[in-house]
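What follows is the residue order along each chain.
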Amino acid sequence: MDDSLHVRLRLPSARSTHLAVRRVCMGLSGGSGMLAPPPPTGTASRRECRCARIDHKPALPSFVIPGPRNRLMSPPPARTRLRLPPLLALAVSCLGLALVGLGCGSDTDNGDTPHVPGASTTDATRNCGPTEWTGPAAGDPSGLFVDITDKVGLDFQRAIGPLGTYFLPEINGSGGAMFDYDGDGDLDIYLVNSGKSPKAVGELPKSLRTENRLYRQESDGQFTDVTADSGLGDTNYGISCAIGDVDNDGDPDVLLTNYGQDRLYLNDGQGHFQDVSDAAGITSSGWATSAAFCDYDRDGRLDLFITQYGTELFDGHKKACDYGGGHVGYCSPLEFRPSNDVLFHNEGPGKNGVVQFRNVTNAAGIALETARGTGFCVVPGDFNHDGWTDFYVANDMYPNRLWVNNKDGTFNELGLQTGSAYNFLGRGEASMGLAMGDVDSDGDWDLFSTHFTDETNTLYINDRGQFRDATEQWNLGLPSRRHTGWGVAFVDLDHDGFLDIPLVNGLALPCRWRSTDADRQGDVIDLDELTESGQARVADPVAYWEEYTDRNQLYFNTGKNRFVERTSQAGDFSRSPNTGRGLICGDIDNDGDIDLLVTTTGGRARLYRNDVPKKGHWLRLKLVDPKHRRDAYGAELIIVCGDKKHHRILNPASSFMASHDPRVHVGLDSDHFDRIEVLWPDGSFQRETFGGGRADRQLTLSRGQGTALPGDNQNRRSSRE
């Protein structure tokens, strides 16, 4: 077979509510123009296994659409089979060629044509990982971000391994949070650690700390390790965390997701945390990833959504995979059993005085067999303008899920119906990180999902609850194809009023494996056999991780439905390739702009100060509901400046295994604003208006202190327009 893009289209039957897709091997022998059958489970490429659904129906007559893809790229788009007359088939083929030609995201009219060094638009998928750095040298003050990790005393190193047994949570990474745990007005940093892999050979260095770590920010901007005194030095195999005041006592609490039992720590308001997991009913135990707090039923208490990547216990995770050419690596997620995500309802204080959580996964309709997947990230938000919080989940190699709130404690999964399950080719992707925000300034919460090398990251533009893939139109397609994306955010980095994109990259499959058939996953290798053969060890961990490095990227929103990549100007944030995973955003130095904290798989966390030249001004907003004594998670804001409206939401959960600064940041093109409208998250549809004033400061907006406006659902909708 040649190296063309082979596409087979099948229309869904009248009884089918999903697009049936089938992955077919590319590059296998069998003659030009012939379609090979899909390989059996466990023998396909990791990339070729990335499908939404397997269709085993008999083959139908098909046609082939050639395109600029080679056999080592990601799986072809959904192969759709059509029963078409020859001339109509030819017409559709020509249309396919036209679409491929338009799929580079170029826009010669506005000068924003994306450019990837060393990559051609006709053969971009032969490229992988970081190119040569062409930006300013280290120490050059023109860089947009400056690494201040060592300067401020942040010394976190993720502990994993010893390497060699290819425990999948190793490569997936871990995350952390920025939050003010002690209430002194500045952000502190919490970083989640992992520890020894369950089947690893040997021991970790004694000098390597394996517990999670809490860093308190001092008045001079330095960070002090206060882990021991805080009680947050959890030693389970940590993955991520969520921050929220679950008992409405005015202090942020911490939920940890683990490979194993998840843990809940309550803040006593004096800088100490107590593990109340068992007493509070946090019973989830499995392979958790991200988590988010929100009040989905509008009762004033924060509920909890936890994504699950799989169901394997420690003893069940005993496999590595053969990629050929002597390469052994991490297995595809499809080698593990998918799982349902978990939803806990906050019941308030129990008889023991501790906040109680009840697992309502089944009752809420989330435990559907057809909704199993490998959940990486969840973002809560009202995506359809009905005043109730929904959940969007990024799944690795399974369809993304949009859980729409039925307003009675149950949810419907409407990813397919709303256009948010697949990309515009009807194709499920390797979704890892998520950003949520209003990138087109129309009042809807748009989504951006990061993906694997040879896929593109995907931008879903929201139009009143219906989504469309606008990746290519916004110039986000081609520049992302060579990278593997993880943490991501919509934040205004240059204060022009438009949301930009910092993006953290790191490979999960070494680039040099992709130059042969080595990226075609072969047999599963039992770890006992690997250990007995003496191959379950890595002699040089530094060299090992070097193969997984990639370069972080930076995109700026032009305000004209386009992004422009400025990675080469990003300075320290992008200069040195890393095995990036988590991206945590917040104004760490309280100077009015958003700084970036990056976690890596097997290295140090890095803190980058924002030195981007500013085009305008800023506001930093803290939203509080005195009745509940906490940040008003889910509150929606409109900051009005003349004829411009900036829509924002208080939601610290997004990116990848991250919890951001809970203060809302907005960039302005004026040094004054006219007013701020707040829609509080209790479903009353009552908007409250706070008067305008000068920019460049922090404001606390407390419910009841503004001017209340009578509201209903129609008023809410019109306020977005």
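Counting starts from 1 at the beginning of each chain's written sequence and moves along it residue by residue. Two thresholds apply to this predicted model, a pLDDT of at least 70 for residue-level local features and 80 or more for giving and counting side-chain atom pairs, whereas whole-chain, interface and lining totals are computed over all residues. Only heavy atoms go into the side-chain values, all of them from the structure, while hydrogens and water stay out.

Examining the overall build of the chain
And step 1. Summing up its helical and strand segments, the chain has ten helices and 44 strands in all.
And step 2. Categorising residues by exposure relies on relative accessible area from a 1.4 Å probe, with only protein chains included: less than 20% of the type maximum marks a residue as buried, more than 50% marks it as exposed, and the intermediate range marks it as partly exposed. The buried share of the chain, taken over its 721 residues, is 61%.
And step 3. For the chain, the proportion of contacts with a sequence separation of at least 24, taken over those separated by at least 6, is 66%.
And step 4. Where accessible areas are quoted, they stem from the Shrake-Rupley method and a 1.4 Å probe; at the residue level, only the protein chains shown are allowed to cover. Carbon and sulfur atoms form 50% of the exposed surface of the chain, whose accessible area is close to 25,900 Å². Secondary structure elements follow DSSP: runs of H or I no shorter than four residues count as helices, runs of E no shorter than two count as strands, and numbering proceeds from the N terminus. Residues count as neighbours in contact if any of their non-hydrogen atoms are within 4.5 Å of one another.

So, empty space enclosed by the protein
And step 1. As defined here, a cavity is a set of points on a 1 Å grid over the protein atoms alone where a 1.4 Å probe fits but cannot get out. A pocket is an open set with protein on both sides within 12 Å along at least five of seven lines, and residues line them when an atom is within 4 Å of a point. Grid points are joined across faces, edges and corners, and a volume is the space filled by probe spheres set on the points. Applying the stated criterion across every chain yields a total of ten cavities of 30 Å³ or more.
And step 2. The computed volume of the largest cavity comes to approximately 420 Å³.
And step 3. Among the elements of the structure, β22 (434-437), β31 (580-586), β37 (644-649) and β40 (664-668) are those that each provide at least two residues to the lining of the largest cavity.
And step 4. Lys, Arg, Asp and Glu make up the charged group, whereas Ala, Val, Leu, Ile, Met, Phe, Trp, Tyr, Cys and Pro make up the nonpolar group; the residues left over, Gly among them, are polar. Taken together, the residues of the lining of the largest cavity break down into 15 nonpolar, seven polar and five charged.
And step 5. Two domains share the lining of the largest cavity, each providing at least three of its residues, namely domain 1 (146-617) and domain 2 (618-708).
And step 6. Here the second largest cavity defines a volume of roughly 260 Å³.
And step 7. As for the second largest cavity, its lining consists of 25 residues, and the residues nearest its centre are G387, T389, G634, E636 and P681.
And step 8. Mapped by element, the contributors of at least two residues to the lining of the second largest cavity are β12 (285-294) and β18 (375-381).
And step 9. In terms of residue class, the lining of the second largest cavity is built from twelve nonpolar, seven polar and six charged. Segment limits for the domains were obtained from an automatic or database-derived domain assignment.

Some points on the confidence of the model for the chain
And step 1. Confidence scores per residue from the predictor, reported as pLDDT, run from 0 to 100. Summary statistics for the chain give a mean pLDDT of 84 and a share of 79% for residues scoring 70 or more.
And step 2. Note on residues 1-111: pLDDT is under 50 here. Beyond four places in sequence and across chains, it has 251 contacts.
And step 3. Low confidence marks residues 712-721, where pLDDT is under 50. Its contacts with residues over four positions away, or in another chain, come to 30 contacts.

Looking at the nonpolar core
And step 1. As used here, the term nonpolar core means buried Ala, Val, Leu, Ile, Met, Phe, Trp, Tyr and Cys residues forming a set that is joined through side-chain atoms within 4.5 Å. Membership of the largest hydrophobic core comes to 40 residues, with the highest contact counts inside it found for L623, I639 and I676.
And step 2. Looking at which domains feed residues into this core, each of domain 1 (146-617) and domain 2 (618-708) supplies at least three.
And step 3. Non-local contacts of I639, meaning those with residues more than four positions away in its chain, are made with L619, L621, K644, K645, H646, R648, V666, L668, F673, R675 and I676.
And step 4. In terms of nonpolar packing, the next biggest core, distinct from the first, is built from 36 residues, V201, Y309, W486 and L527 among them.

Details of the layout of surface pockets
And step 1. Considering only enclosed or pocket space, the second largest pocket measures out at about 800 Å³ in volume.
And step 2. Forming the walls of the second largest pocket are 35 residues, and the residues nearest its centre are Q157, V542, W545, G602 and G603.
And step 3. The leading source of residues in the lining of the second largest pocket is helix α8 (residues 541-546), at four residues.
And step 4. Each residue belonging to the lining of the second largest pocket can be placed in one class, and the counts come to 16 nonpolar, ten polar and nine charged.

Things to note about the sheet that holds strand β29 (residues 553-557)
And step 1. A pair of strands is labelled paired if DSSP reports no fewer than 2 bridges between them. Spatial ordering of the open sheet is given by β26-β27-β29-β30, a layout of four strands whose pairing is antiparallel. Edge positions in the sheet fall to β26 (485-488) and β30 (563-565), since each of these pairs with one other strand and no more. Neighbour-to-neighbour, the strand axes of the sheet open up by a mean angle of 30 degrees, direction not taken into account.
And step 2. In this sheet, β30 lies alongside β29 in antiparallel orientation, the contact comprising three bridges. If you follow N557 over to β30, its bridge partner there is F563. Axis definition: a line fitted to C-alpha atoms, over the contacting stretch in the case of helices. Angles run 0 to 180 degrees between N-to-C directions.

With respect to the state of the cysteines
And step 1. Cysteine sulfur atoms are paired as a disulfide whenever they come within 2.5 Å of each other. Within this structure, the stated rule accounts for two disulfides.
And step 2. Here C128 is linked by a disulfide to C511, with a sulfur-sulfur distance of 2.1 Å. The sign of the S-S torsion, about -80 degrees, decides the handedness of the disulfide formed by C128 and C511: left-handed. One end of the pair, C128, is in the loop between α1 (86-102) and β1 (145-147); the other, C511, is in the loop between β27 (501-505) and β28 (524-526), and 383 residues separate them in sequence.
And step 3. In this structure C511 comes out as partly exposed when scored by relative accessible area, which is 23%.
And step 4. Put simply, C321 and C331 are joined by a disulfide, and their sulfur atoms are 2.1 Å apart. Its torsion about the S-S bond being 100 degrees, the disulfide of C321 and C331 is classed as right-handed. Here C321, found in strand β14 (residues 319-322), pairs with C331, found in the loop between β15 (328-329) and β16 (342-349); they are ten residues apart in sequence, far enough to count as distant.
And step 5. Sequence-ordered numbering of the bonded cysteines in the chain gives a pairing of 1-4, 2-3.

Focus on the environment of F411
And step 1. Considering the arrangement of structural elements, one finds F411 in strand β21 (residues 411-413).
And step 2. According to the relative accessible area criterion, F411 is buried, its value standing at 4%.
And step 3. Between the C-alpha atoms of F411 and D390, which are 21 residues apart in sequence, the distance is 8.1 Å.
And step 4. With sequence-adjacent residues up to four places away left out, F411 is seen in contact with Y296, L343, A364, G365, I366, T389, F391, W403, V404, N405 and N406.

Describing the sheet that holds β31
And step 1. Across the sheet, four strands lie side by side as β1-β33-β32-β31; this open sheet has antiparallel pairing. Bordering the open sheet on either side are β1 and β31, each of which pairs with just one other strand. Each adjacent strand pair in this sheet contributes to an overall mean axis angle of 25 degrees, direction not counted.

So, the side chain of R581
And step 1. Mapped onto the elements, R581 comes out in strand β31.
And step 2. Buried within the structure, R581 lacks any salt-bridge partner; its nearest side chain of opposite charge belongs to D550, at an N-O separation of 7.9 Å.
And step 3. Polar contacts involving the side chain of R581 include one to the main-chain carbonyl oxygen of G506, which spans 3.4 Å.
And step 4. Residues within four places of R581 in sequence aside, it is in contact with I171, N172, G173, W486, G487, V504, G506, L507, T599, T600, T601 and F656. The charged-residue count follows a simple rule in which Lys and Arg add positive charge and Asp and Glu add negative charge, with His and chain termini not counted at all. Criterion for a salt bridge: a side-chain nitrogen of Lys or Arg within 4 Å of a carboxyl oxygen of Asp or Glu. As used in this structure description, the phrase polar contact means that two N or O atoms lie within 3.5 Å; if the pair is within protein, one of them must be able to donate a hydrogen and the other to accept it, and residues adjacent in sequence are counted only when both atoms belong to side chains.

Quick notes on unusual backbone geometry
And step 1. The linkage connecting G161 with the following residue, P162, adopts the cis geometry, with an omega of -5 degrees.
And step 2. Within the element layout of this structure, P162 appears in the loop between β2 (160-161) and α3 (168-172).
And step 3. Its identity is not glycine, yet N590 carries a phi of approximately 55 degrees, on the positive side.
And step 4. Mapped onto the elements of the fold, N590 is located in the loop between β31 and β32 (595-600).
And step 5. For S655, which is not glycine, the phi dihedral falls at a positive 70 degrees.
And step 6. By secondary structure assignment, the location of S655 is in the loop between β38 (653-654) and β39 (658-659).
And step 7. With relative accessibility at 0%, the residue S655 sits in the buried group.

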